[in-house]
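Listed here are the chains, written in short residue letters.
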Amino acid sequence: MGEGAEGRENLLYGPEPDVAGAAGYPDAPPRMGFFTDTSVCIGCKACEVACKEWNAVPEDGLLLTGMSYDNTQGLGADTWRHVAFIEQRKPLAGQEPGVAHEDVDVFAAASRLGTGAASPGPGATAPPPDRAPEGAPAGEISPLSPDGRTELRWLMASDVCKHCTHAACLDVCPTGSLFRTEFGTVVVQEDICNGCGYCVPACPYGVIDQRKDDGRVWKCTLCYDRLGVGMEPACAKSCPTDSIQFGPLEELRERAQARVAQLHAAGVTDARLYGESPEDGVGGDGAFFLLLDEPEVYGLPPDPVVTTRDLPDMWRHAALAAVSLVALAAGSFVRRPR
Amino acid sequence: MSESEVTRDGVRHARPDREAPTGVHAGRRRRRRGRGEQPMVPDAEFSSYYGKPVLNKPTWKPLDIAGYLYLGGLAGASSLLAAGAGATGRPALGRTAKLGAAGAITLSLAALVHDLGRPARFLNMLRVFKPTSPMSVGSWILSGYAPLTLAAAATDVTGRYRLVGSAATAGAAVLGPAVATYTAVLLSDTAVPSWHEGYRQLPFVFAGSAATSAAGLALLAAPAAQAGPARRMAALGAVLELGSFQVMKRRMGLTAEPFEQGRPHRLLRAAEALTAGGAALAVLSARVRDRRPAAAAGAALLAGSAALRFGVFHAGVASAEDPRYTVVPQRERLRAREC
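## Remarks on the overall build of chain A
When helices and strands are counted, chain A shows nine helices and ten strands. Within chain A, the proportion of its 338 residues that are buried is 47%. Pairs at least 24 apart in sequence give 65% of the contacts found in chain A among residues at least 6 apart.

Okay, here's the thing in structure tokens:
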């Protein structure tokens, strides 16, 4: 799009290194965000609980869905963190899924305990360093299940508002209720929202939604109140495995690149980053992810584009249509020669 | 994938008939009736999260918002008819169009306010002016347009302040086309696949539909002697509406499918029949002295335009509810970029 046709490129689309500056903050702090590393998520839902507690988010329905351990279902007005659970018949590289230890003489192993570093105890999950494949960091992450068995792999991922560089919800909000904070995040001012609902279908990720009994829309604020006093958001604070990492976006992106390289070296070739690239359709997410499968498997759109990218073109077509309507009406009044 | 399989020789497939679908084939199974058009694109395999939609569907109430799209179009095109009638000396046609525009825009404003989650805060719409928000732009257009139509209608009915009335009629005719077409941008500027992908043609569809509805109202209420322009407007509007709708569907690919299924399909087929039939009847009604064919044509055109707006509205909601219309086109886009 664009090719800079307007001379104001990057306003609606494309990389934007200084979102807060572009939004009018002269001396903004660094852009803050989340890096959610799903490879270490254990599905404890502490983030969901911490979010609800801190932000006083109402109950979002108590029902059993049969969708693995996911009874939350998806993000919405009353769900600002959502842990997805996906059960797959695929081996998860990095796990040693075997549960049998027939070949282990426990008494012999016990007698050797502490005498040799190369002989792991019966409970050890990592193979001895000399059996690790090339490239795998010895003793850190074990390779694919050695006998090639395919076992269950259980993916867990904590989803959240992406705090897009080009946020469609913010762009289309007619009241100015949605705004960009000095941290580069996107927040709803609930005292201004009049519940027009335009942001709901505008969001390419299905994050923001209307609270039925309240009429206004709600979503993750990246704990704007906590950020303001130098605290990390409730979900990241509560995450026991540091699957949810909070920090300056630049730093998180570097950390994420290193983590993907580490996982690839360990044989987890499925690992990929989602939403981290400033070149993508929304100019990069403020909250991005490390996934172990295609984004749509987690309920995320594979190639989201901010709808307002096409808005100048839409206005042009609407103007043309309006002119056509005038011409059509004028044509209707032209007297046919008798 | 969720069948039990605990350990060796333990519980296996304890609940074989219960399948929580993940991965491939997880898309919602779509019912397909025997009748109706065949899908334009073969079924594509795609993954989804338990068939759950990627998007949150619009929270707008169909009667309010589809009704608003319809009434806005009716008002906008009626203002053009009113201005034309004023310029060519057709006072009865002018009065019908002015009253129609004023009534329709009043009703549509009521629908807009009614749809808000917090109706008492409707004035917040005018808190800022945001060109990136079609709803903000629309609110400002309406706040200029609605008083003009009311002034035009009031001066016409009372016969006072004629100069003000002419100015208001002219002003309403300038803003009217914007009122009729901006609503297409309002729908297209969302992530809803079947609304967004048609953004190039949808304004023309809505412009045509606005013309047919305004012509319909004029045919229904104005005397036949002055309804000539309405008859022509009906024919031209029907051609614009139905023609650009066909082009739109052809260019949209997979996301045109929701227009061809279920309730949207029935509504849109009805819209086609009513609009085409109404326009044909309108043209023919010029040859007979009886007023009833013209009135029937007018009613058909009004109903057809309404059916179109409701059909487009419901098709968009259906496309947001099915992850297939979000995931498959995006996958194709990614694949095309890799090539």
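From this point on, the discussion continues.
## With respect to the overall build of chain B
Secondary structure assignment for chain B yields ten helices and two strands. Secondary structure of chain B in N-to-C order comes out as β-β-α-α-α-α-α-α-α-α-α-α. A separation threshold of at least 6 residues defines the contact pool for chain B, and within that pool the share at least 24 residues apart is 74%.

## Structural notes on the sheet that holds strand S1 (residues 32–37) of chain A
Residue and element names in this part refer to chain A. The four strands lie next to each other as S8-S1-S10-S9, forming an open sheet whose pairing is mixed. Only two strands of the sheet have a single neighbouring strand rather than two, namely strand S8 (244–248) and strand S9 (272–274). The sheet shows a mean angle of 25 degrees between the axes of neighbouring strands, taken without regard to direction. The sheet contact formed by S1 and strand S10 (residues 287–291) spans four bridges and is parallel. What sits directly across from Thr-36, in S10, is Phe-289. On the sheet, helix H8 (residues 249–265) packs against S1, S8, S9 and S10 and is oriented at approximately 135 degrees with respect to S8.

## Some thoughts on the packing of helix H7 (residues 228–252) of chain B against helix H8 (residues 262–285) of chain B
Residues and elements named next belong to chain B. Two numbers describe how H7 lies on H8: the axes approach to 8 Å, and their chain directions differ by 150 degrees. Taken together, H7 and H8 sit at an angle that is classed as roughly antiparallel. The hand of the H7/H8 crossing is left-handed. Mapping the contact onto sequence places Arg-231, Ala-234, Ala-235, Ala-238, Glu-241 and Leu-242 in H7 and Glu-272, Thr-275, Ala-276, Gly-278, Ala-279, Ala-282 and Val-283 in H8. Residue classes in the contact of H7 with H8 are distributed as eight nonpolar, two polar and three charged.

## Notes on the interface of chain B and chain A
With 74 residues of chain B at the contact, the number on the chain A side is 62 residues. Mapped by element, the contributors of at least two residues to the side of chain B that touches chain A are strand S2 (47–48), helix H1 (62–87), helix H3 (134–158), helix H4 (162–188), helix H6 (202–221), H7 and helix H10 (323–338) of chain B. Sort the elements by how many residues they give to the side of chain B that touches chain A and H4 of chain B lands first, with eight residues. Of the residues in the side of chain B that touches chain A, the class split is 39 nonpolar, 23 polar and twelve charged.

## A closer look at the environment of Phe-310 of chain B
Residue and element names in this part refer to chain B. Looking at the secondary structure, you find Phe-310 in helix H9 (residues 292–321). Separated by 248 residues in sequence, Phe-310 and Pro-62 place their C-alpha atoms 7.2 Å apart. What Phe-310 contacts, discounting residues up to four positions off in sequence, is Pro-62, Ala-66 and Leu-267.

## So, the environment of Gly-51 of chain B
Residues and elements named next belong to chain B. Considering the arrangement of structural elements, one finds Gly-51 in the loop between S2 and H1. The exposure class assigned to Gly-51 is partly exposed, which follows from the 18 C-beta atoms found within 10 Å. Each C-alpha atom, one on Gly-51 and one on Arg-324, is 8.6 Å from the other, the two residues being 273 residues apart in sequence.

## A few points about unusual backbone geometry
Residue and element names in this part refer to chain A. If you check the backbone angles, Leu-222 has positive phi at about 50 degrees while not being a glycine. Within the fold, Leu-222 resides in the loop between strand S7 (217–218) and helix H6 (224–228). Since 27 C-beta atoms lie within 10 Å of it, Leu-222 is described here as buried. Non-glycine residue Cys-223 carries a positive phi angle of around 45 degrees. Take Cys-223: there are 24 C-beta atoms within 10 Å of it, and that puts it in the buried class.

## Remarks on the nonpolar core
With 196 residues, the main nonpolar core has Cys-169 of chain A together with Leu-81 of chain B as its most contacted residues. Counting residues per element, this core draws most heavily on H9 of chain B, which supplies 15 residues. Those residues in contact with Leu-81 of chain B that sit more than four places away from it in its chain are Ala-329 of chain A together with Leu-93, Ala-97, Ala-214, Ala-218, Pro-229, Ala-230 and Met-233 of chain B.

Calculation criteria
Residues numbered from 1 in each chain as written. Chains lettered and ligands numbered in written order. Predicted model: local features only at pLDDT ≥ 70, side-chain atom pairs only at ≥ 80, totals over all residues. Helix = DSSP H or I, 4+ residues; strand = E, 2+ residues; numbered from the N terminus. Buried ≥ 20, exposed ≤ 12 C-beta atoms within 10 Å, placed from the backbone. Contact = placed C-beta atoms within 7 Å. Pairing = 2+ DSSP bridges. Axes fitted to C-alpha atoms, helices over the stretch in contact; angles between N-to-C directions. Parallel < 35°, antiparallel > 145°, perpendicular 65-115°, else oblique. Left-handed = near helix turned anticlockwise from the far one by under 90°. Nonpolar A, V, L, I, M, F, W, Y, C, P; charged D, E, K, R; others polar. Core = buried A, V, L, I, M, F, W, Y, C linked by C-beta atoms within 7 Å.

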